[in-house]
Protein chains: 2
Amino acid sequence: MSAYLELESRFRRIAALNEAVGMLHWDMSVLMPTGGASARAEQLAALKLTIHEMKTSTEFHDLLEAAESDVLDGSWQRANLREMRRSWVHANAVDADLVEAMTRASSACEMVWREARSENDFAKVLPYLEEVLKLSQEAGKAKSVALECSVYEALLDQYEPGGRTKQIDDLFADLVSFLPDFLETALAKQAEQGEAIAPVGPFDADRQCNLGRHLMQVLGFDFGAGRLDVSLHPFCGGVPGDIRITTRYGEDDFTQSLMGVLHETGHALYEMGLPEEWRYQPVGAARGMVLHESQSLLIEMQACRSREFLSFAAPLMRGAFGGTGPEWNHENLYRLYTHVEPSFIRVDADEVTYPAHVILRYRLERALIDDQLALVDLPDAWNSGMVDLLGVRPPDDMQGCLQDIHWYDGAWGYFPTYTLGAMAASQLFAAAKVAHPDIPEMISRGDFGLLVGWMRNNIHATGSSRTSNDILLAATGKPLGADDFKAHLQERYG
Amino acid sequence: MSAYLELESRFRRIAALNEAVGMLHWDMSVLMPTGGASARAEQLAALKLTIHEMKTSTEFHDLLEAAESDVLDGSWQRANLREMRRSWVHANAVDADLVEAMTRASSACEMVWREARSENDFAKVLPYLEEVLKLSQEAGKAKSVALECSVYEALLDQYEPGGRTKQIDDLFADLVSFLPDFLETALAKQAEQGEAIAPVGPFDADRQCNLGRHLMQVLGFDFGAGRLDVSLHPFCGGVPGDIRITTRYGEDDFTQSLMGVLHETGHALYEMGLPEEWRYQPVGAARGMVLHESQSLLIEMQACRSREFLSFAAPLMRGAFGGTGPEWNHENLYRLYTHVEPSFIRVDADEVTYPAHVILRYRLERALIDDQLALVDLPDAWNSGMVDLLGVRPPDDMQGCLQDIHWYDGAWGYFPTYTLGAMAASQLFAAAKVAHPDIPEMISRGDFGLLVGWMRNNIHATGSSRTSNDILLAATGKPLGADDFKAHLQERYG
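Everything in this summary refers to the structure shown in the same document.

Calculation criteria
Residues numbered from 1 in each chain as written. Chains lettered and ligands numbered in written order. Predicted model: local features only at pLDDT ≥ 70, side-chain atom pairs only at ≥ 80, totals over all residues. Pairing = 2+ DSSP bridges. Helix = DSSP H or I, 4+ residues; strand = E, 2+ residues; numbered from the N terminus. Axes fitted to C-alpha atoms, helices over the stretch in contact; angles between N-to-C directions. Contact = placed C-beta atoms within 7 Å. Buried ≥ 20, exposed ≤ 12 C-beta atoms within 10 Å, placed from the backbone. Least-squares fit on C-alpha atoms with pLDDT ≥ 70 in both.

A short note on the sheet that holds strand β2 (residues 236–239) of chain B
Residues and elements named next belong to chain B. The strand order across the open sheet built from three strands is β1-β3-β2, with neighbouring strands paired in mixed fashion. For this open sheet the edge positions go to β1 (226–230) and β2, each flanked by a neighbour on one side alone. For this sheet, the mean angle separating the axes of adjacent strands, direction not counted, is 20°. Across five bridges, the pairing between β1 and strand β3 (residues 242–247) is parallel. Opposite Asp229, over in β3, you have Thr246 as the bridge partner. Helix α1 (residues 3–30) contacts β1, β2 and β3 of the sheet and is inclined by roughly 135° relative to β2. Contacts from helix α10 (residues 255–272) reach β1, β2 and β3 within the one sheet, and its direction differs from that of β3 by about 160°.

So, in C-alpha cells, the structure goes:
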C-alpha cells in the first residue's frame, strides 16, 4: 500500500474515534446522570490520548514524509494530504502531558466558573483561568512556530484554519466605523414603528418541540438521520447520518428556542451535506468555524428572520399554540424577530449589536494572549470596552466577563468566527439570490430546496478541499468582506 | 514503574475504551436514528481494533512476562495479573483479521436473521449462520490450545471464565432426571388451584415507567447513577456510576415489563457494587455471566416473584393503575407471576420449564461446534429435542431454532449460563436466608437492605478476584449444585 493510502486508513480510524468522542459528549450534555461524570472523563481521556498517540508516532511522521514525496492523482488527494499535515502539526506541536494538563485545567476551571458566574465572583475563578490561559499560551507558542504565525493566530487556526489577524482587523475596523452610527439609525427607525407585541405563554414544551421538528423538516432535516433533544446549552453534535441537535424550551417564550433550533439546523445541513466520498478523511470535514457559523446564520438570520419566512411560519406558530390576536400577525412577528437593543449578554444580542460583543472579546483575548493585559484587570477592561463599543456598562461581572464559557473552557481564539460567519452568511445569501432570484419567494412558500441546494453545492460539498477564503471566492466571486453584511443591515434595519 | 503497574495503566485505558464501546452500544439500541448505523459500525470497529492492537503488541506481552516474574504485594494484585493474562490469551489467540471477519459475519448474519425469523425462513439465514459458526469454531480452536480445554469450553470461557462441560453435564443431568416428573406435579397442583386472573389493560406506559422506577429505588437503584429507558430488547448496560437499564412497555400487560425491570435491576446492582478500588482493572470486573445471571435471577425469581414481595407490591400496582377487583389481590398476582406452562419460546418460559430450553440449546450448540450435527439439520434436531425435553413440538422455526439471537450474533457457548445462574441464585438466596432469617419478612415490607447488602459483600465486592466456583463456595459453603434450585421449585410449585 502506498504511504498515502496507509495514511488514509489511519485517518479513517482517527476520524471514527473522534466521532466516538463527539457521541459521548452529546450523551454527557443530554442525558448522562451526574454519577457518570468521572467514568465519562476517563473514557474521553482514553480516546483523546489514543488519538494523540496515533498522530505523534514516528511511523506516522515517516508516512507523511513519504506521502508528500509521492505524486498523487487528484486535487482532492492533494488537499487531503495537506489537511493531514495540518492535523499532524497541531498534534505534534504539543506533547501528551500538555494536552492532558489543558484538559484537566479546562475541566477544573469550567466547573469553578459555573459557580463563580452564579455567585458573580470573578476572583474565585481567576487562579483557574490563569492556569488555562498560561497553558493556552504555551500551546499557542509551540504551534505558532510550526505554523509560522503569531501565537494568537495559532490558537485561532484550531477553529479557523489559516485565519489571520490582518484580515480580521481590517474587517472589524470596517464594522466599527459603521456600526455605532447605524445602531442609532436602527433604534430611531424602530422607535418610530412602535413596540412589537410578544405572544404570551405558557407555551407547552411538546408543542414547541413539534413545531421545531416540523420547521426542521421544512429546511430539509431528515429525522431518519438525526434527532432533536434537550440540553442546557443548545448545540449541534453527532455525525453525518446521525446529527444531534439540541435546544431548551422556556414555557414563557417559544420564539428564542424556535430560532435556536433553526440556527442549529443550519449547522446540521452543513454536516449532512459534506462530501460522502471523503467521509472519515480530513478533507471531508467541515472547513472551519467561520463557514460553519455562516451556514447556521444564513439559515437563521438571512432566511428565517426574513419577512418571507415569517409570513410562511406565522400560521404554523398560531396553529401550534392556538394563537389569536395581532401578536401572531407575521409583520409583528417579523418586528419581534428583528428587534434591536443594546444589551449586556452576547447570546441574547440582535444582529446589529452582536458584532460589538465579538469585537470586544477579540480585542481582549488578543491582549491577554500577548500579555498586554493582565487577567486581574479583565473585568474593568471588559466594562469600559462595552461603554466604548455599545454605550452600556455591565452592572456586574455576571453580565460582563463571566458570561461566556469559552475562555474558561480553553477556547481561546474562537470568538471572531461568530462575526466573520455573520459576514460570510450575508455574502453567501446575496450570491445565492443573484444565482436564483426567486429564493425569497420560495422561502415564503416554505420551499428551501433551491437555497439549500445552492449551499450544498457551493459550501457543504467542498469539505476542506480549499481554504475558507477560496471557497467564499468561488461561491460569491469575491473574498470575505463587510459590504454585504452592511447592506443586509441597511435593508433590514436602516 | 514496575511492569505490573505499567500493565495496570494500560488496562485502565483498555477498560475506558471498552466502556466507550458499551455506551455507544446503548445509544445504538435506545435512540440512534437508522441513518447512524454505518457510522456507528465504523466507530465500534475502530475502538475494538484499537483495543485488540493494545493487547497484542509485543511490548504488552513483554510486560506481562516481566510482571509474572515479579513478586506482587497482595492477593488482589496477583488475581489482577491472572485476569490480565486471561484477557491476553483471549485477544492473542485470534488475529485482527479473524476478529474483523467475525464482527462482519455476525452483523451480516444478525441482519438477515431478523428477516428470516419474521419470514419463518431458516434456509434464508443458513449460509450466513454457517459462516458465523465456521469462524466461531476457528476462534474456539485457537483459544482451546491456549486455554488447554475443548473448543466448546474455549467459547464458553468468553462468558464464564473457567467453565467446564463436565460440571455442566453433571448439573444438567441432575435437572433432567428431576424436571419432567416435577413439571407434571406442578401442573397438577396448578390445575387444582384454578387459573389466575390477569388484570386487563390498557396500562399507560408512563405509569408503568413510574411504577418500575419506584420499585427500582426500593431495590436500591440510584437514579443519580443510572437511567431507565426503552429499547426493543431489554438489557442492562452502562458502567458503574452510570448504569443504563432498558425495558419495553406493552399497553395490554404490565406484569412482564415490570418483572423485566426488576431482573435488569439485579444485573445493575452487581455492576454498582463492584469493588471501587479495582475499577478499570480486569480483577474489578464482574466475574462472569453465571454470577451475573445469578444476581438478576436472585432479585427477580427468588425475591420478587415471592409471596412476600408481591404482598408488598400489590398495593403499589393497584395504585399505579387504579386497579380494583380480585385480580389485584396479592395472592392472585403471586399465582400469575408463578404460572407454569410448557411453551415454545425461551424468554417467555417460567422457571420450571426454562432449564429445558437451555439444556436443548446447550446440547445442540455442543454438537454443532464439534461437527456432530450439521446446521442444515438444526430445525429437525431442535424440534425433536423439544419433544424429548418438554413434550411439545414447535409448529415452525420462528418458534423453534430461529427464536434466539445468540448463535446468529456469534454468541456460541453463552446459553448454559442462564440455567447455571438460576441454580446459583437459589443457592445464594438460601445461604442469605440462613445468614439473615428475617430477609423474607423484610422483603414483605419492601426493605431490601439486608439482602442486597449480603449480595454486595458476598458477590459484588469480590469482582473477579476468584473463580465463580470459589466465590460460590465462600458465600454458600458448597460448590454450585442443583439441590437448592430443586428445593426452591419444590417449595414454590410442588
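So much for the structure itself; the text now carries on.
Regarding the pairing of strand β2 (residues 236–239) of chain A
Side chains of β2(A) alternate between two faces, with Cys236(A) and Gly238(A) and Gly237(A) and Val239(A) buried alike. Hairpin connection, β2(A) to strand β3 (residues 242–247) of chain A: the antiparallel pair is bridged by two residues, and Gly241(A) has positive phi, about 95°.

Notes on the relation of the copies chain B and chain A
Mapping chain B onto chain A calls for a rotation angle of 180° and an axial translation of 0.0 Å; the resulting RMSD is 0.0 Å. Both chain copies can therefore be described as sitting about a two-fold axis. Comparing contact sets, 100% of the residues at the interface of chain B also lie at the interface in chain A, consistent with an isologous, same-surface contact.

What to know about unusual backbone geometry
Residue and element names in this part refer to chain A. In this structure, Pro202 follows Gly201 across a cis peptide bond, with omega equal to 5°. Tracing the backbone through its elements, the reader meets Pro202 in the loop between α8 (165–193) and α9 (205–219). Phi is positive for Glu148, close to 55°, though the residue is something other than glycine. Structurally, the position occupied by Glu148 is in the loop between α6 (122–147) and α7 (151–156). Phi at Tyr280 takes a positive value of approximately 75°, unusual for a residue other than glycine. Secondary-structure assignment places Tyr280 in the loop between α10 (255–272) and α11 (289–304).

Re the environment of Ser69(A)
By the secondary structure assignment, Ser69(A) is in the loop between α3 (58–68) and α4 (75–93). In this structure the C-alpha to C-alpha distance between Ser69(A) and Tyr4(A), which are 65 residues apart in sequence, comes to 9.9 Å.

So, the environment of His52(B)
Residues and elements named next belong to chain B. Take His52: it is sitting in helix α2 (residues 37–56). Owing to 18 C-beta atoms within 10 Å, His52 belongs among the partly exposed residues under this scheme. With near-sequence residues (within four places) excluded, His52 lies in contact with Ala91, Ala96 and Val99.

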